[in-house]
Amino acid sequence: DTGSIRRQSVTRAPAFNTFVTQSPLVPDNAFLTVGGEPSARAMLRFDLPEDIEDSATIVRATLELVPRSPMLGLRNDPALLQAKALFADLGAKSPVDVRFTSSGTLGVGSADTVRLDVTSIVQTWQAASERPEAMFLSLLPEGASFTRPVFGSTRSGTVGGPRLRITYLKPFPFENP
């Protein structure tokens, strides 16, 4: 019978439109946790020695972070660890300067030391005396990666806190009258 065509539409609404974590991970304050859910960031503060801060030429600065354990995440879900310079040190609400950033890819499952070239960030500390000697660490894409690195900290009381390796040149004696 072609005379009576019945159109039927089915509308479906999601019954559950969120996610639930079975056992949410609580970050340990003694370590630096970056990324994960909720999106975690870490602030690192350093104190440059007076000889480097006043008159040395900074050639290279490398931030070294030692993972507490192999990094958790998915192999095909790459995440970038990003360090950003700060305009002012106001704690967690410090404004970042996106002109001076450094980033590196994290190896999921790796427990190797992570190294970031932060030369431009450290040079800003030297060039502008009002700049805080600090930086923010975060993951890209923020809140959209399963990677959750946990790095050693000076608060943990164990070896493996963040290190800043600086290669610099001292001025020659004839440069200073």
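Residues numbered from 1 in each chain as written. Predicted model: local features only at pLDDT ≥ 70, side-chain atom pairs only at ≥ 80, totals over all residues. Heavy atoms only, no water.

Colleague: So what's going on with the overall build of the chain? Residues and values would help.
Modeller: Each helix and strand in the chain was counted, giving two helices and nine strands. Traced from its N-terminal end to its C-terminal end, the chain shows the element sequence β-β-α-β-β-β-β-α-β-β-β. The long-range fraction of contacts in the chain, counting pairs at least 24 apart against all pairs at least 6 apart in sequence, stands at 77%. In the form shown here, the chain has an accessible surface area of approximately 11800 Å², with 52% of it arising from carbon and sulfur atoms. (Helix = DSSP H or I, 4+ residues; strand = E, 2+ residues; numbered from the N terminus. Contact = heavy atoms within 4.5 Å. Areas by Shrake-Rupley, 256 points an atom, 1.4 Å probe, with all protein chains shown as cover.)

Colleague: Give me the sheet that holds strand S4 (residues 80–86): which residues, what numbers.
Modeller: In spatial order, the strands read S2-S7-S4-S5; together these four strands make up an open sheet with antiparallel pairing. The open sheet has two edge strands, strand S2 (42–45) and strand S5 (96–105), and neither has a second partner. Between one strand and the next, the sheet's axes are offset by a mean angle of 30 degrees, whatever the strand orientation. Two strands pair when backbone bridges link them, and S2 and strand S7 (residues 134–140) are joined in this way by four bridges, in the antiparallel orientation. Paired with Met43 across the strands is Phe136, a residue of S7. This element, helix H2 (residues 119–127), spans S4, S5 and S7 of the sheet and lies at about 150 degrees to S5. (Pairing = 2+ DSSP bridges. Axes fitted to C-alpha atoms, helices over the stretch in contact; angles between N-to-C directions.)

Colleague: Lay out the layout of surface pockets in plain terms, naming residues and giving numbers.
Modeller: If you add up the space inside the largest pocket, you get close to 710 Å³. Of all the secondary structure elements, the ones that give two or more residues to the lining of the largest pocket are strand S1 (32–33), S2 and S7. Looking at the lining of the largest pocket residue by residue, the class counts come to 15 nonpolar, seven polar and eight charged. (1 Å grid on protein atoms, 1.4 Å probe; cavity = no way out; pocket = protein on both sides within 12 Å on 5 of 7 lines; lining within 4 Å. Points joined across faces, edges and corners; volume = space filled by probe spheres on them. Nonpolar A, V, L, I, M, F, W, Y, C, P; charged D, E, K, R; others polar.)

Colleague: Could you give me a rundown of the sheet that holds strand S6 (residues 114–117), with the residues and numbers involved?
Modeller: What the three strands build is an open sheet, ordered S6-S3-S9; its pairing is antiparallel. Either end of the sheet is taken by a strand with one partner, and the two such strands are S6 and strand S9 (163–169). Averaged over all pairs of adjacent strands, the angle between strand axes in this sheet comes to 20 degrees, irrespective of strand direction. Packing of H2 onto the sheet brings it into contact with strand S3 (57–65), S6 and S9, and relative to S3 it is tilted by some 125 degrees.

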